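Summary of structural features
Okay, here's what each chain looks like letter by letter:
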Amino acid sequence: STILNRKPIMVCKDGHVVNVNLVRGGHERLNELINAVPQNAEEIIVHHIGSIDEANVLMNKLKEKTGREIMVRKACPSLCIHLGSDVVGVVWKEK
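Now for a description of the structure that goes with this document. (Residues numbered from 1 in each chain as written. Predicted model: local features only at pLDDT ≥ 70, side-chain atom pairs only at ≥ 80, totals over all residues. Heavy atoms only, no water.)

**Overview of the nonpolar core**
Grouped together as the largest cluster of nonpolar side chains are 14 residues, with contacts concentrated most on Ile 44, Val 46, Leu 58, Leu 62, Val 88 and Val 90. When residues of this core are traced back to their parent elements, those giving at least two are α1 (25-36), β3 (41-49), α2 (52-66) and β5 (87-94). Of all the elements, α2 adds the most residues to this core, at four residues. Residues within four places of Ile 44 in sequence aside, it is in contact with Val 37, Leu 62, Thr 66, Glu 69, Ile 70, Met 71, Val 90, Val 91 and Trp 92. (Core = buried A, V, L, I, M, F, W, Y, C linked by side-chain atoms within 4.5 Å. Buried < 20%, exposed > 50% of the residue type's maximum accessible area, 1.4 Å probe, protein only. Helix = DSSP H or I, 4+ residues; strand = E, 2+ residues; numbered from the N terminus. Contact = heavy atoms within 4.5 Å.)

**Digging into a nonpolar patch on the surface**
Among the surface-exposed residues, Met 10, Val 17, Leu 79 and Leu 83 lie close enough to one another that they form a single nonpolar patch of about 360 Å² accessible area. Mapping Met 10 onto the fold places it in strand β1 (residues 6-13). For Met 10, a relative accessible area of 42% corresponds to the partly exposed category. (Patch = residues over 30% accessible without salt bridge, like charges linked within 9 Å, V, L, I, M, F, W, Y side chains within 5 Å. Areas by Shrake-Rupley, 256 points an atom, 1.4 Å probe, with all protein chains shown as cover. Salt bridge = Lys/Arg side-chain N within 4 Å of Asp/Glu carboxyl O.)

**Notes on α1**
The terminal C-alpha atoms of α1, which comprises 12 residues, lie 17 Å apart, in line with the 16 Å expected from a rise of 1.5 Å per residue. Looking only at α1, the buried set comprises Gly 25, Arg 29, Leu 30, Leu 33 and Ile 34. Residues of α1 that are buried in the fold lie against β1, β2 (16-24), α2 and β5. (Expected span 1.5 Å × (residues − 1).)

This is how it looks when you write it as structure tokens:
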């Protein structure tokens, strides 16, 4: 995050982390993450590093979208070393 409040959207694809988009602000970031989760997603987990409030907002919006229970967890310390603080992400398993 910089003075322009730009947030990268990254995905793990074929074992590599790839930057797929750059959005402005937390609201756009949450919308991008919500739109990425398919309707048939199972076992959805919201991970965060220092962003518990944003993680809870994401959890509630994903619960509305999918009708499933969503878990919220702190991300592992090794991710914090690479990503920094103020990080929120979502992982899921597709049917």
